[in-house]
Amino acid sequence: MSRPLQGVLIQIAALFLFVAMDALLKLLVARYAVPQLMFVRFVFHTILVFAAVRLMTGRLPFRSRAPWLQVARSITLAVANFFFSMSLIHISLADATAVSFAAPVFTVALAALLLGEQVGRVKWLGVALGMAGVLVALRPPFLTGEPLHWAMLLPLVTAAANTAYQLLTRKLAGLDDPHTTFLHTGIAAAFISALAQPFVWVEPEAWDWPLFAALGLLGGIGHCLLVLAFARAPASVLAPMSYTQLVWAGLAGVLVFGDWPDGWTLLGAGIIAAGGILVAMPSRAAGPATKQPRSSS
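Notes on the structure follow. (Residues numbered from 1 in each chain as written. Predicted model: local features only at pLDDT ≥ 70, side-chain atom pairs only at ≥ 80, totals over all residues. Heavy atoms only, no water.)

1. Considering the pattern of salt bridges
For the coordinates displayed, the defined rule picks out one salt bridge. R31 is the salt-bridge partner of D208, the closest N and O atoms lying 2.7 Å from each other. Of this pair, D208 sits in the loop between helix 11 (197-200) and helix 12 (209-232) while R31 sits in the loop between helix 1 (3-28) and helix 2 (34-57), and the two are 177 residues apart along the sequence. Looking at R31, the relative accessible area reads 46%, which means it is partly exposed. (Salt bridge = Lys/Arg side-chain N within 4 Å of Asp/Glu carboxyl O. Helix = DSSP H or I, 4+ residues; strand = E, 2+ residues; numbered from the N terminus. Buried < 20%, exposed > 50% of the residue type's maximum accessible area, 1.4 Å probe, protein only.)

Below, the structure written as structure tokens:
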């Protein structure tokens, strides 16, 4: 099995875990403040990742060649988590996931502009189609004739933060050992969310602690898999595979919350998926090769 294909399969597994975490998060935001859920999630995430890396390698390779990039990556994850969690208070899981899928589209475009990855005309067409799908999923007034729900804009902020997170993950894959990036993923996010705890903390019910731990477990394993995926395949290949998360989110919404996606969500998700397929198609070797980025080492 080729390394890019390994990366794609690992990516799909990570996305399934992320949807499971999001569904659990939507259940918990009805009883706890988002910053509290973020804090417990990232604390458990960090504890579990440290234990896993120690067991797998017998050491903790914490020292990074780019520590500030690691901090920035963790902060972008915290921003993405905050705005997505806030959106789940007001809109369905399927809607929030569909709108947040501006991130793969942004990632493909910026991977070409910032990382020097080759993105041909067909891929750019996929980017345009994906953006059109996100627009449909947003249900703008000129399409539906109804006011745009303000919470539909929150996943767009998530998309921007996720784009930065994915690009930083790809950049760090060439600088640090994947285990180092595992260790750093939740630390800055936990620290930032800890600052809000004196203002939002509510003593959890005893039976909610296992659910808090599950948030960290699902997120920790998912992000570890994501780092492994980006170490095996370029961002422009992995990003469009993210549309499989739309399927998981739709199923979770129906099975857990009884939220059936409406026509606009399904249409937007279908267009996004079509764009993802175009972006995933191999580029023809036409025209000059894209200039490779300089190494920052």
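2. Section: helix 2
Compared with the 34 Å implied by 1.5 Å per residue over 24 residues, the 34 Å span of helix 2 between its first and last C-alpha is a close match. If you check which residues of helix 2 are buried, you get V34, P35, Q36, L37, M38, V40, R41, F42, H45, T46, V49 and V53. Residues of helix 2 that are buried in the fold lie against helix 1, helix 3 (67-88), helix 9 (178-184), helix 10 (187-194), helix 11 and helix 12. Once helix 2 finishes, G58 follows within two positions and takes phi at roughly 75 degrees, a positive value. (Expected span 1.5 Å × (residues − 1). Contact = heavy atoms within 4.5 Å.)

3. Looking at the packing of aromatic side chains
For the structure on display, the rule yields seven aromatic pairs. Look at Y32 and F212: their rings are 5.2 Å apart centre to centre, the planes differ by 70 degrees, and that puts the pair in the edge-to-face class. Of this pair, Y32 sits in the loop between helix 1 and helix 2 while F212 is found in helix 12, placing the two residues 180 residues apart along the sequence. Exposure class is identical for Y32 and F212. Each is buried. Taken together, a centroid distance of 6.4 Å and an interplanar angle of 40 degrees make the contact between W201 and W209 tilted. Given a relative accessible area of 34%, W201 falls into the partly exposed group. For the cation-ring pair, K26 lies above F257, with the distance from its terminal atom to the ring centre recorded as 5.7 Å. (Phe/Tyr/Trp six-rings, centres within 6.5 Å; stacked < 30°, edge-to-face > 60°. Lys NZ or Arg CZ within 6 Å of the ring centre and 35° of its normal.)

4. What about the nonpolar core?
Residues L28, L37 and L93 are the most contacted members of the largest nonpolar core, which totals 55 residues. Sorting elements by how many residues they give to this core places helix 1 first, with twelve residues. Core analysis: the next-biggest nonpolar cluster, separate from the first, contains six residues, V49, V53, F182 and L183 among them. (Core = buried A, V, L, I, M, F, W, Y, C linked by side-chain atoms within 4.5 Å.)

5. Brief notes about the environment of A52
The residue A52 is located in helix 2 in this model. You can call A52 partly exposed: its relative accessible area is 31%. Along the primary structure A52 and Q245 are separated by 193 residues, whereas in three dimensions their C-alpha atoms are 25 Å apart.

The analysis is restricted to geometry; functional conclusions fall outside its scope.
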